[in-house]
Amino acid sequence: MMFQIFFTIFLTGLLCGESKYIEYNTSQRIVPGKINVHLVPHSHDDVGWLKTVDQYYVGANNSIRGACVQNVLDSVISALLEEKNRKFIYVEMAFFQRWWRQQSEALQTKVKELVSSGQLEFINGGMCMHDEATSHYIDLIDQTTLGHLFIKREFGHIPKVGWQIDPFGHSAVQAYLLGAELGFDSLFFARIDYQDRAKRIDDKNLEVVWRGSKSLASSSQIFTGIFPRHYDPPDGFVFEINDVSAPIQDDILLFDYNVQERVDDFVAAAVTQANVTRTNHIMWTMGTDFRYQYANSWFRQMDKFIHYVNKDGRVNALYSTPSVYTEAKHAANQSWPLKTDDFFPYADHPNAYWTGYFTSRPAFKGYVRAMSSYYLVARQLEFFKGRRSSGPNTDVLADALAISQHHDAVSGTQRQHVASDYAKRLSTGYMEAEDLVASSLAFLAESNLSIRKGVVSTQFHQCPLLNISYCPPTEAALSKGKTLVVVVYNPLGWKREEVIQIPVPTEWVTVQDSSGKEVEFQLLPQSDATLSTRNFYVKAYLGTTPSVSVKYWLAFSASVPPLGFSSYAVSVMKQTGPSTSISSVYKSQRTKDKIIEVGPGNLKLLYSAVEGKLTQYYNSKTLNTSVSAEQSYGYYSGNDGSDKDPQASGAYVFRPNKTFSIKSDSQVPLVIMRGPLLDEVHQKVNPWIYQVTRLYKGKEHAEVEFTVGPIPVDDGIGKEIITQITTTMKTNKTFYTDSNGRDFIRRVRDYRTDWDLQVNQPIAGNYYPVNLGIYMVDSSMELSVLVDRSVGGSSLVDGQIELMLHRRLLHDDIRGVGEVLNETICVHDKCEGLTIQGKYYFRIDPIGEGAKWRRTVGQEIYSPLLLAFAEQDENNGSNLHLPTFTGIDPSYSLPNNVAVITLQELANGEVLLRLAHLYEIGEDKDYSAMTSVELTKLFPNKTISKVVEMSLSANQERAQMEKRRLIWKVEGSPEEEEEPKLRGGPVDPDKLVVELAPMEIRTLLIDFDHPQIFSL
C-alpha cells in the first residue's frame, strides 16, 4: 500500500513538473536592512610546502598531494568567462606569473578584461603570502614590490586589500608597513590565538582598526578583519569535486530535491556569523587550500545559492571580493575597536603554541638573511655600474628570495625536499648575482685613474663559505706567493671602521691600505673545531676536500666610506724570525687561575677559570661598576605527544617536556687568544657545542659565535637548544622584541593586552619572534642582544634573556607537514645531524642609551661588509695602486638614523630609492627626531630631473594613494581623529631634500638627465 502511494506521488511529479534550463540570477546587489553575505571565491595556493613551488604548479608529485595550480587558474578563468557576475580573487603572483607567460595573446586580452571589470581581482599581490614572524621587513617590501610591479605592468591594476589568511600569527609591521603604507584599505586573516578568538567572538570584536606603529599612529592604521573560524567556508558549503557538502539539487524530476533545505542551511549559517559580526555585512571565504581545480563545481553551487537565497529573501547573497566588502563596511559609518601591538604568539590549542617555527631550520633562515643583504648590495653596485639589458642581473635572486618569504619557507615548516628546492633557487640566484657584483666592482675599479695597467687583476672572486673558514682566493694567492687584493664594500650610508677576518695559509704576511701605508693586523690560530667543520662541510657542499691547509685567521682594521669601497693588499713577506703578529694563546688552569679578564678596549669580560664561564661584564666608558652576567646553554626535551594530549613538539609547535642545563666541561680549559685588535675566548662547552666570544678594541659589545651540532638523538629524545644570558637586573616580567626587524614591542611574561590569559604553556607561551634583537631594562641599565637571523626568544626569568638556537626533533606535530624536523647532512654514506654556526651580540648600557647601539649595529649586522678578492701578478708592494670608491659626495654621509634600504635601477631606466628612518618616536633622545637626506649629495655625479614619491611598493604615486585612503572611526576617539604623527614634508623639486620622521620609509622614483659619470 505504501509503495503505491509513493509511486502515485512520484508519477504526479513527473506529469506536473518540468525539467528545463534555469537561468540563475547572480547579479550583484547590496540590500540595506538585510544580512548581506559576501561570497568570496578564492584558492589558497602555498608557494611550496609539501611539494616544491613548481611541483604544485604543474601538478607533479601527486602521491604527496593532488594539487595543480595550473588547473586552478585554467579552470577559474574559463568559469569567469562563462558568467559575467562571477568573481574570483588571486594572491600568489609566483604562480600567476608562471601561468601568464604560457597563455596566448588572445587569452591574455580576455584576462585583462576580467581584471578591468573586477571579476578577477588581485589581492595582496606579492609573489607569495609571506610569513610575518621570521621575515625581515626589507624582504617583505622587496617581494611585495616584485608582485605589485608585475600587476601594474601587465594589468594597470593596484591591489587594495591585504590577505594574510594563513600565516601563524601577525606582526605590527604587517599592519602599518605591508598594509597601510602600500595603500591597502583593509587586511584580512584567519589565524589568531584560540583564547583571543573566543573573546573577540563574544565581544563582537573580530573586526578592528589596527594601529601597528606608535610612531605613525593613525596616519598608518588599517581596517582589519579576523575570520570567525578558519579561511574555509562554513560547514556544509565546500564544493570541490570530491567534497562531501550536499549540493543544491533543483531538478524537480530527480530524487533528493533540496532547494528549501539548503536555503535554510545557508540562512542559518549566515545568521550565526552575523551574530558575532558588526554591521549587516558578513564575508564567507569560499575556498581553501588548492581548491577550484574544477572551478565549475564551486561556481555552479554558488550561482544556485545566490539565486535561491535571494528569492527566499531572508538574507541577501552576492558574489563579492574583499574590496567590495571593505567598501560596504566603510559605508556603514561604524566605529571600530582599536587594536595596537601584534598577534603573537599564536596557539590553536592549550598545549599547541606555534612558537617553534621561530627557530626551525636555522641554517635556511641564516641563508635567506645572507642572500637578502647580498641582493641589496648587488642592486647598489648594478646601479653604480649602470644596468645592462644583457649579461648577469639580480632577477633570479629576486625571485628566489621572494618565494623564500612564503609562510612555509623562511618559517622552516616545509618538507625537507622543499627546503632543498628553496636553497637551490637561492644558490642559483646568488651565482648570477655574484657575476654581476664581480663585474660591477671591476668596472668601478678600472674607472680609477690610479690603477696601472697590469698591476691589479680585476677578476674579482668572493667566498660564500667564508663563515666556515673556506676561501680559495685567499688561500691560493698567498700559497703561491702572490699579493692578494681585498676590496671591502660598505652598503650603508655611513663610514664604517671594522675588523676584517680572512683565512690564510701562512703567518708571513703584511697588510697595506690603498695609500701603501701598513695596516695593523693580527693572526689568530685556527681552532681544531673550525677546521673540522670546514673539512666536513666543504666535502658535503662541494664534493671535494680543501686543497690548501689554512693555519690562521688574518684580522686587520678596515676603514670603508659610505656606499663605497676601500682596498687592501695582503702580501707574503720574507721569513726573518718568529712572527710578532700571532695572537698570544693561553689555556686556563683550574688550580692556578681564578679570574681571567678579557678585552683589549673599554669593554672587559671576566671569566671564572674554575667554572669555565662568564661571571662579570664591565665597560670603563659607560658603566660605573661591573655587572654580574653569566652566559650558559641548555636544552628542552621535545614532548613526544605520548601523554593524555597527543601534541608533540615539531616544526611549528614548541611543546617542551623538561628543561636541562648544559654545564661546561670544567676539565676542558678556556683558550684565550689576545692581540692588539681583538681578544677571543674559545669554549668547548660539550662535544657538540663550541663557542668563540670576541671583544674588539674599537667596539663596545661582545660577539658570540656558536657552533651547535650534531645534536645527539641516540637516546630517542628530540632536543631544542637554548642559550641564556643571566644578570641580576630587576625587569618586572618585561622585555622587548622587534617586529620584523623594525619596531620594538613590549612583552610581559604570562600576559596579553587583549584578554586575560589562561597560562597552559609557561615556556612556549612566552616565546616571541626575534629578527633584529631583544632587550630588557630595569631602573638603571638595559641589556640588549642582537641576532644574525630569525630565532625564538624570551625572558622567562627576570634579568635573563633566552634565545633558541637550534632544534632537532623526532616527532611530527600534526599540523600538516607530515614529516619530523630532523635535518641531517651526508658525506658518502655517513649522515649526521646538521651543525649550525651563527652569531649573536650583546651589550649592557645605562638606561636610555641602548637604542643607538641596537639600531646602528643592527643595521650593520643585516648589511655586513662585502669582501671581494683579486690577485696581483707580482709581489711588488711598493708599486701598488689600489682602487677606492664612494658613490656619494665624498664629504657627505647619511644621518646616523637613516638607511638606504633600496637603490635599484629599474628596467625602464628609473631609479628606485627607499630611505628608512631607523628609530621610533621616543626611542632615543638624539635620533628619534626629524632628519633629512640631500639627494644632490647622494647622487653627486648625476643631474636629477624628476622625483616622484610613491607608495611603499612603488605602484602608485603617494599623493594619489593618500587621496583615496579610507578614514575609519575608532571607538573612544573624538569625532575628529587625532592629528597624524609627524611625517616628512613633500620633496621640494629645487632643494631636493627628503625629510624623514621616526619610523618613516619614503619611496622615490628618480629620473636623471645624463648617463652616470664618476670622479674617483
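## Quick look at the pattern of salt bridges
Working step 1: Within the structure shown, the criterion is met by 61 salt bridges.
Working step 2: Note that Lys304 is salt-bridged to Asp250, the shortest N-O span being 3.3 Å. With Lys304 in helix 10 (residues 296–312) and Asp250 in the loop between strand 7 (222–226) and helix 9 (259–274), this residue pair connects regions lying 54 residues apart in the sequence. Like Asp250, Lys304 is buried.
Working step 3: Among the charged side chains, a salt-bridge network with shared partners connects Glu181, Arg958, Glu962, Arg965, Arg983 and Glu1000.

## A look at the sheet that holds strand 1 (residues 36–41)
Working step 1: The strand order 8-1-9 describes an open sheet built from three strands, whose pairing is parallel. The open sheet is flanked by strand 8 (281–286) and strand 9 (316–319), the only strands paired with a single partner. Within the sheet, the average angular offset between the axes of one strand and its neighbour, ignoring direction, is 25 degrees.
Working step 2: Pairing between strand 1 and strand 9: four bridges, direction parallel. Each residue of the ladder has a partner; that of His38, found in strand 9, is Leu318.

## Comments concerning the side chain of Arg496
Working step 1: Looking at the secondary structure, you find Arg496 in strand 15 (residues 496–504).
Working step 2: A polar contact of 2.9 Å, which involves the side chain of Arg496, links it to the side chain of Glu498.
Working step 3: Within the structure, Arg496 has its side chain in polar contact with the backbone oxygen of Ser863 (distance 2.8 Å).
Working step 4: With residues near it in sequence (within four places) discarded, Arg496 still touches Asn490, Pro491, Ala558, Ser559, Val560, Glu860, Ser863, Pro864 and Leu865.

## Some remarks on the environment of Trp298
Working step 1: Within the secondary structure, Trp298 sits in helix 10.
Working step 2: For Trp298, a relative accessible area of 0% gives the class buried.
Working step 3: Measuring from C-alpha to C-alpha, the distance between Trp298 and Ile241 comes to 8.1 Å, with 57 residues separating the pair along the chain.
Working step 4: In contact with Trp298, not counting residues within four places along its chain, are Pro233, Phe237, Val238, Phe239, Glu240, Met286, Gly287, Arg291 and Tyr292.
Working step 5: Polar side-chain contacts of Trp298 include one of 2.6 Å to the side chain of Glu240.

What counts as what
- Numbering of residues starts from 1 in every chain and runs along the sequence as written.
- Since the coordinates come from a predicted model, pLDDT governs what is reported: local features require at least 70, and pairs of side-chain atoms require 80 or more to be given and counted, while whole-chain, interface and lining totals use all residues.
- Working from all heavy atoms in the structure, the side-chain values ignore hydrogens and water.
- Should a side-chain nitrogen of Lys or Arg be within 4 Å of a carboxyl oxygen of Asp or Glu, the pair is scored as a salt bridge.
- By the criteria applied, helices consist of DSSP H or I runs no shorter than four residues and strands consist of E runs no shorter than two, each listed in order from the N terminus.
- Here's how the labels work: a residue is buried when its accessible area is under 20% of the maximum for its type, exposed when over 50%, partly exposed in between, all with a 1.4 Å probe on protein chains only.
- Should DSSP find at least two bridges between two strands, the strands are taken to pair.
- The axes are straight lines fitted to the C-alpha atoms, using for helices just the contacting stretch, and the angles between their N-to-C directions are given from 0 to 180°.
- Each polar contact in these results corresponds to two N or O atoms within 3.5 Å; when the atoms are within protein, one needs to be able to donate a hydrogen and the other to accept it, and residues that are neighboring in sequence are counted only if both atoms are side-chain atoms.
- Contacts between residues were defined by any pair of non-hydrogen atoms, one from each residue, lying within 4.5 Å.

So far we have only geometry, and geometry alone does not tell us how the molecule works.
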